[in-house]
Each structure stands twice: as C-alpha cells, then as structure tokens.
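# A structural walkthrough
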Amino acid sequence: MNRLALYANQLAHHLTITDNRTGKTIEVPISTSRESDFIHATKLGALQYQGQPLRVYDPGYMNTICCTSKISYIDGDKGILEYRGIPIEELAEKSTFVEVAYLLINGELPSKSQLQEWDEKLRKHTFIHTDASQMMKSFRYDAHPMGMLISTLAAISTFHPEVNPALAGEGVYKNKDIVNKQIYRILGSLPTIASNSFRNRIGREHNMPHENMSYVENFLYMLDKLNEKEYKPHPKITRALEVLFILHAEHELNCSTAFVRHLSSSGVDIYTAIAGAAGALYGPKHGGANEAVLRMLEEIGDLKNIPQFIKDVKDRKKLLMGFGHRVYKNYDPRAKIVKQIAYQVFEITGKEPLIEIAIELEKIALSDPYFIQRKLYPNVDFYSGVIYRALGFPTDMFPVLFTIPRVAGWLAHWKEYLNDKENNIVRPRQNYVGPEKRNYVPVEQRKEFPIYLESNKSSRQKRRETATLS
Ligand SMILES: CC(C)(COP(=O)(O)OP(=O)(O)OC[C@H]1O[C@@H](n2cnc3c(N)ncnc32)[C@H](O)[C@@H]1OP(=O)(O)O)[C@@H](O)C(=O)NCCC(=O)NCCS
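As annotated in an unreviewed UniProt entry, the protein chain is Citrate synthase from Paramecium tetraurelia. What the UniProt record of the protein chain gives under Pathway (unreviewed entry) is the line "Carbohydrate metabolism." A UniProt comment under Sequence similarities (unreviewed entry) is attached to the protein chain, and it reads "Belongs to the citrate synthase family."

In structure tokens:
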C-alpha cells in the first residue's frame, strides 16, 4: 500500500468512544501496520473525568506497542522471524554473525568492501583495557559468568568518560562517529569479556584475541587455547556456534531489548544500558531459560520420570522450561534450526544423552491437550542448552552465549532509538491503591502492625546467635 493510500486508510478507520461518565464522544484514529492495527494511548487522554485523563492499564505490556521499529518482524501465529525483512532461515543458512550484526545495526546487507571494513573495525576493538582484564580477575572463583560480564560492561563505561553523556553532555550521541565507535568497542570486545569470564572459572590466564580469526572462531580460540602453537577451533563447531549467534542476534522488543530502550531513554551511557539489558537477559524467564532447561532435563534425569514431570507441570507445580513464548503461538522458527544443529554438533562431539529426554518431552507436550490448548511450543532455548552441553560449556555459561549475539540487536535498537523523534523518557504510570493522605505519628504513639521481618539464616548464623555476645 502506498503512503497516500495508507494515510487514507488510517483516516477511514477509527474507534468511536463514548464515555458514559460524561457523555463525551471522541473519535480515535486506528493506525495500520504490518503487525497489528493500533491506537495512540494518549488520544484517550481527551476523555477527562474529575480533572484526570483516561489511561490504559497494561501490566507486563501484554497489549502495548511502545515504539516504531524497522529492525525485526515476527509473526507469532505463523512462526515467522525476519531481520530487516530477511527470513531467519536464509540468514542462518547463508550469512555470518558479523554480517548479520551489520544488517541489524545499519539496516542493509553490506557490500563486500563495507563488510571488510566492518569486520576490521570489530577486530581492532577485540582488545580490552588491561585494567578491565585485571578487574575481572578479582571476581571469586565461582562467580557466575553473567555476573562478571554484566559488571565488566558497566565498569567499562568508567573507562570512557569523554563519551559518557553524564559527563560529556547529553548531546554526545548526536555525533555519529561517537555512536559508531561505541558500537565497535562493545561488539568487538564482547567475546573477549565473555571468554575472560570463562577462563576465570577454569582458573586459566585470559587469552589475547587472535589477529586472524573470524568473530566466532576467535571467541572459541580465546576460550580454549592453552599452550598449542596453532590452536584452531573445529570449523563445524565454529559454524554451529555462528548459526546459534545469528539466531540469537535479535528478537524485537523482548524483555532485555525493551530495557535497552528504556535505559537509553534516561540518557545513560550505552555501556550501562547494555549491562542493564544483560541483567534482564540473565533472568530464567528470558535468556537464562536455556540454563533452566538444562537444569530441568538433569532433574528429570531419565525417560521413565517424564510422565510424572508432565503431571507436575499440568498440576502447576512446575514449568516446562523452553516451552511457551509471549509472541510465538506456533513452533519458534529458531527452535527448528537449533534442533538440526544439535545433530550436526553430535556428529563431532558424540550424542548428548539429555537430547533423548528433550525429544521425548517435546513429543509428549506436542500431543498433550494442556500444551496444545495453550499453544505452547518449544522456543529457541529448548534445544540450545543441549548443544551447549555437548560442546562442553558449563551451564552457567549458557546465558553468556546468548548475550554475545543479542548485543547486536541491542545496539541496533539503541541506534534506532537515538534517531527516533518519539524517544521520550520512558515513564509509565501506576494504579495507586495505597493509603490516603495521613500524618506522621511519633514512635511512642504508634500502634504496632504485624509485619514479617524474618530473613533466611545460615547454620553458622544460627550458631552465632546462640553465643553470649558483649
Ligand atoms: C515465556 C513465558 C514467560 C511466556 O509467558 P506468557 O506469554 O505470559 O504466557 P502465560 O504465562 O500467559 O501462559 C499462558 C498459559 O500457558 C501456561 N504456560 C506458559 N508457559 C508454560 C510452560 N513453560 N510450562 C507450563 N505451562 C506454561 C501458563 O500457566 C498459562 O496457563 P493458564 O492460561 O491456564 O493460566 C512462559 O511461557 C514461560 O515462563 N516459559 C518458560 C520459560 C522459557 O522457556 N522462557 C524462554 C522464553 S524465549
């Protein structure tokens, strides 16, 4: 539909709303988009009652569009995912992660020379400041790699005060060169930060980035190189991880990506915004789900325990992790590709026994009315954890393997956000149901209200409490 026709169409479609509190009628135009039609919530503000505008209530953003974007498109009912219009299946088959990152961030596939320049820029930024590397070494031996990654990303903001809006002024990101520089720094250094967090866990020195390897190959190299002169990761493993990176790079306004926009709206520096988004991704309902899937498969442990587990899920005692999605009400297109990769990886690493449990769970769930009625299908996390396990990653590295590629999507949204004329500070409203206005009561005159103040105690704390203290 051309722009004029779209405009005419928008004029033609509207809601007529009559407020029976006041008798006022308003017409609210319905906007049309490829995904869904919508109305502007602020238009409802014209319906005033006792001096207050009418607002919409939507905890969890179940039915709220909060921005206009050109980055990715999802049709959850049909199981479609496109990056800048290109189907995820084609990108997974034909592209590389570095090229996909370019596509997401810059809007078009690069020419040969643009790709070369982009690749070089990322390579040049793979080294992190030795102070950051040193700082990472101060984490405890058993620190969760996501904790290390998040903290390091936030800490790196302190290394670049000259481009921090809090110090250099709000307008600093109006400079395109500065924006590009932060993109190269973050995307380029992320595999280094991630591999450092892994090396800490295994008690090995951090490896320096390799000057002549691809993005994903270099990541595997930094994770694994010991004293070999010419360490080179297996090309099929590199490609498997590359495809997983492509699949995880972007997924429109999921919890963490929405958070990048949310944080950026305050004007905070991009390192802090990315660290915050990584925090959102860490949660088991989001990027931590692959970790949770693995723990669930381990807990089930044997095919014979599956019926009881499914019963527990249906009795709402447990969740079938890796199933269900806010947007997909069909098979997640990424999950299909991940399942194929699993078998390619097993050809090299040997079969991961937990795959049997995963396949049986999927088979039962896809034929059980509980899951069918609720349109619960495997999501991207269901099989990715099994692959990561087969590749020898400790479970707590799984969300890190999700974060690295997703940063490409976050940066694409950041760049889009910076150029968005509607980019107001995010500031939702609340439905206040607390006390009416009341006066402060001096402590001697207060009535005691029963409030639960206990916190959990370790055995050591309990033992200490038995001691006589003075
Ligand atoms: C992803 C998720 C948070 C989406 O939640 P949502 O869009 O809010 O969906 P709802 O919570 O409204 O779920 C709808 C129904 O399906 C059920 N349901 C959703 N996911 C379920 C799961 N994984 N296992 C069992 N039941 C599930 C809910 O209990 C609810 O049932 P009800 O209507 O009888 O109350 C949710 O499916 C989930 O927690 N999945 C497991 C974690 C996971 O894999 N996350 C990765 C996402 S990529």
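## Details of the sheet that holds strand E5 (residues 72–75)
With antiparallel pairing, the three strands of this open sheet are ordered in space as E5-E6-E7. Across the chains shown, the open sheet's two edge strands, defined by having one partner strand only, are E5 and strand E7 (86–87). Bridge analysis of strand E6 (residues 80–83) against E7 gives two bridges, and the strand direction is antiparallel. Bridge assignment links Tyr83 to a residue of E7, and that residue is Ile86.

## Notes on the pairing of strand E2 (residues 25–29)
The pairing of strand E1 (residues 14–18) with E2 spans five bridges and is antiparallel. Looking at E2, one finds that Thr16 is bridged to Glu27. Two successive antiparallel strands, E1 and E2, enclose a turn made up of six residues, where Gly23 displays a positive phi of approximately 80°.

## Remarks on the packing of helix H5 (residues 130–137) against helix H8 (residues 176–201)
Helix packing geometry: the angle between the two helix axes and the distance between the axes. One way to put it is that H5 packs onto H8 with a least axis distance of 10 Å and a crossing angle of 35°. Viewed along their axes, H5 and H8 form a crossing whose handedness is right-handed. Note on element contacts: H8 touches H5 through Asn196, Ser197 and Asn200, opposite Ser133, Met136 and Lys137. Within the contact of H5 with H8, the residues separate by chemical class into one nonpolar, four polar and one charged.

The rules behind these values
- Residues numbered from 1 in each chain as written.
- Predicted model: local features only at pLDDT ≥ 70, side-chain atom pairs only at ≥ 80, totals over all residues.
- UniProt positions renumbered as here; feature names shortened; annotations may be inferred.
- Pairing = 2+ DSSP bridges.
- Helix = DSSP H or I, 4+ residues; strand = E, 2+ residues; numbered from the N terminus.
- Axes fitted to C-alpha atoms, helices over the stretch in contact; angles between N-to-C directions.
- Left-handed = near helix turned anticlockwise from the far one by under 90°.
- Contact = placed C-beta atoms within 7 Å.
- Nonpolar A, V, L, I, M, F, W, Y, C, P; charged D, E, K, R; others polar.

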